[in-house]
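Inside the fold
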Amino acid sequence: MSSLLRATLITLALLTTAGCTNKPILNTQHELPVDNQVSEEKMKTIIVNALQKRDWTVERLSPQLVQAEINVRNQYYAAIDIRYTRNSYAITYRDSRQLGYKDGKIHRNYNRWVSMLDRDIMAALRSNGTNEAGSAAQLFEQTGTTK
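Presented here is a report on the structure given in the accompanying data block. (Residues numbered from 1 in each chain as written. Predicted model: local features only at pLDDT ≥ 70, side-chain atom pairs only at ≥ 80, totals over all residues. Heavy atoms only, no water.)

Thoughts on the pattern of salt bridges
Tallied over the entire structure, the rule returns five salt bridges. Among the salt bridges present, the one from Lys-44 reaches Glu-41, with a minimum N-O distance of 3.6 Å. Remark: Glu-41 and Lys-44 occur in helix α2 (residues 40-53); sequence separation between them is three residues, near one turn of the helix. Across the pair Arg-54 and Asp-120 runs a salt bridge whose closest N-O atoms are separated by 2.6 Å. Of this pair, Arg-54 sits in the loop between α2 and β3 (57-62) while Asp-120 sits in helix α3 (residues 108-133), and the two are 66 residues apart along the sequence. With a relative accessible area of 26%, Arg-54 lands in the partly exposed category. When salt bridges that share partners are traced, they join Lys-53, Arg-54 and Asp-120 into one network. (Salt bridge = Lys/Arg side-chain N within 4 Å of Asp/Glu carboxyl O. Helix = DSSP H or I, 4+ residues; strand = E, 2+ residues; numbered from the N terminus. Buried < 20%, exposed > 50% of the residue type's maximum accessible area, 1.4 Å probe, protein only.)

Side note on the side chain of Glu-69
With respect to the element layout, Glu-69 can be found in strand β4 (residues 65-72). The side chain of Glu-69 sits in the buried core without any salt bridge; Arg-94 is the nearest counter-charge, 6.1 Å away. With residues up to four places along the chain from it excluded, the contact list for Glu-69 reads Trp-56, Thr-57, Glu-59, Tyr-77, Ala-78 and Ala-79. (Lys, Arg positive; Asp, Glu negative; His and termini not counted. Contact = heavy atoms within 4.5 Å.)

A closer look at α2
Given a rise of 1.5 Å per residue, 14 residues ought to cover 20 Å, and the 20 Å separating the end C-alpha atoms of α2 matches this to within 8%. Of all the positions in α2, only Met-43, Ile-46, Ile-47, Val-48, Ala-50 and Leu-51 are classed as buried. Backbone geometry just downstream of α2 places Asp-55 in the positive-phi region, at approximately 65°. (Expected span 1.5 Å × (residues − 1).)

What follows is the structure, encoded as structure tokens:
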């Protein structure tokens, strides 16, 4: 096999492998434990703050639904719906452009954006419970008892 043919085949194989960046769409859903539930208004605020932190734009706010979109480098676009109650929330795919959506699969960056957003929402919900009621360790520190 000539070295030119070999180089061409290796290049083609590398390009094919690099092009395989599509993954199944990440849709998240979380039920909160009873001790971590918040009001619907607080849940909406936490979601909106997390969206803003990650440079998502809120398109529409309505009771139990936040619709948001992200534009990355004016080239990649994704839109999501976040449905919420006082004890749960779910992030679902709505639309995209230039992210290779096909047959329930999408570019891995979309999943990374949703995963980071989801992580921020969960972290805010966890810290919200600690900030409002205090943890058992903080309570013990202050009073010498956990109750």
